[in-house]
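A closer look at the structure
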Amino acid sequence: MRLVITADTHVPKRARDLPVPLWTEIEKADVVLHAGDWIDESLLDAVQARSRRLIGVYGNNDGPALRAQLPEIARAELDGLRVAVVHETGPRARREERCAARFPDTDLLVFGHSHIPWDTVAPGGLRLLNPGSPTDRRAQPHATYLSARVAAGRLDRVELHRLPLR
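On a predicted model such as this, the values are computed, not experimentally measured, just so you know.

**Thoughts on the pairing of strand E8 (residues 127-130)**
- Of the pairings in the sheet, the one linking strand E6 (residues 108-110) to E8 comprises 3 bridges and is parallel in character. For Leu109, the partnering residue across the bridge sits in E8 and is Leu128.
- As defined by bridge partners, strand E7 (residues 118-121) adjoins E8 across 4 bridges and the pair is classed as antiparallel. Bridging from a neighbouring strand, Asp119 pairs with Leu129 of E8.
- Counting the residues between successive antiparallel strands, the hairpin from E7 to E8 contains 5 residues, one of them, Gly124, with a positive phi of roughly 95°.

Below, the structure is given as structure tokens:
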């Protein structure tokens, strides 16, 4: 099962649309995970229309219309892998320990908010992934998103994709 992981898309405030390479990957993926800060409902509608399956949450910049359609925390089991998606995880310090305590029944936690790519493993084995942002790189050298594969309850082939500067 092929995953595409994104967050902090901020369309149309930071970009008019998602980058073409990300749209291509969304259309090929079995599951798209989006960790919030969509900004506009039209992007949610477009991702739902162009993806096979979407698991998404709202972020701190998403208004009432998006919050009415998306949860704060989404959970799913993907081929045996227990996944949670949330926008914010709090400060960087002690993130792994805090998230392991908050999500004890989870194998993979996808989060956003910082626009900083993150890939670590917490005590107990919880994998934490932040894809960065495909549209608002802030102080990062590149705009980014992630892809990965899931098979028999295991996550592998996690790859950070760097997008061309605009």
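**As for the sheet that holds strand E1 (residues 2-6)**
- Taken in spatial order, the 5 strands make up an open sheet running E3-E2-E1-E9-E10, and their pairing is mixed. Here the strands that pair on one side only, and so sit at the sheet edges, are strand E3 (54-56) and strand E10 (154-163). Within this sheet the neighbouring strands show an average axis-to-axis angle of 20°, counted without direction.
- Two strands pair when backbone bridges link them, and E1 and strand E9 (residues 143-151) are joined in this way by 4 bridges, in the antiparallel orientation. Paired with Ile5 across the bridge in E9 is Leu146.

**Brief notes about the packing of aromatic side chains**
- Taken as a whole and assessed by the stated rule, the structure comprises 1 aromatic pair.
- Ring plane angle 70° and centroid distance 6.5 Å describe the contact between Phe111 and Trp118, whose orientation is recorded as edge-to-face. One exposure class covers both Phe111 and Trp118, and it is buried.
- Positioned over the ring face of Trp23 is Arg50, at 4.0 Å from the centre of the ring.
- Directly above the aromatic system of Trp118 lies the positively charged group of Arg95, at a separation of 4.5 Å from the ring centroid.

**Comments concerning the pattern of salt bridges**
- In total, this model carries 9 salt bridges according to the counting rule given.
- The salt bridge partner of Asp136 is Arg14, with a shortest N-O separation of 3.0 Å. One end of the pair, Asp136, is in the loop between E8 and E9; the other, Arg14, is in the loop between E1 and helix H1 (20-28), and 122 residues separate them in sequence.
- Of the residues examined, Asp136 reaches a relative accessible area of 12% and is grouped as buried.
- Between Arg75 and Asp105 there is a salt bridge, with its nearest N and O atoms 3.4 Å apart. On the criterion of sequence distance, the pair formed by Arg75 in strand E4 (residues 73-78) and Asp105 in the loop between helix H4 (95-102) and E6 is long-range, its members being 30 residues apart.
- Relative accessible area serves as the criterion here: at 47%, Arg75 is assigned to the partly exposed category.
- Under the relative-accessibility criterion, Asp105 is labelled partly exposed at 42%.
- Sharing partners across several salt bridges, the network here consists of Arg2, Glu25 and Lys28.

Scoring rules and cut-offs
- Residues numbered from 1 in each chain as written.
- Predicted model: local features only at pLDDT ≥ 70, side-chain atom pairs only at ≥ 80, totals over all residues.
- Heavy atoms only, no water.
- Pairing = 2+ DSSP bridges.
- Helix = DSSP H or I, 4+ residues; strand = E, 2+ residues; numbered from the N terminus.
- Axes fitted to C-alpha atoms, helices over the stretch in contact; angles between N-to-C directions.
- Phe/Tyr/Trp six-rings, centres within 6.5 Å; stacked < 30°, edge-to-face > 60°.
- Buried < 20%, exposed > 50% of the residue type's maximum accessible area, 1.4 Å probe, protein only.
- Lys NZ or Arg CZ within 6 Å of the ring centre and 35° of its normal.
- Salt bridge = Lys/Arg side-chain N within 4 Å of Asp/Glu carboxyl O.

Without other data, these values stay purely geometric and don't point to any function.
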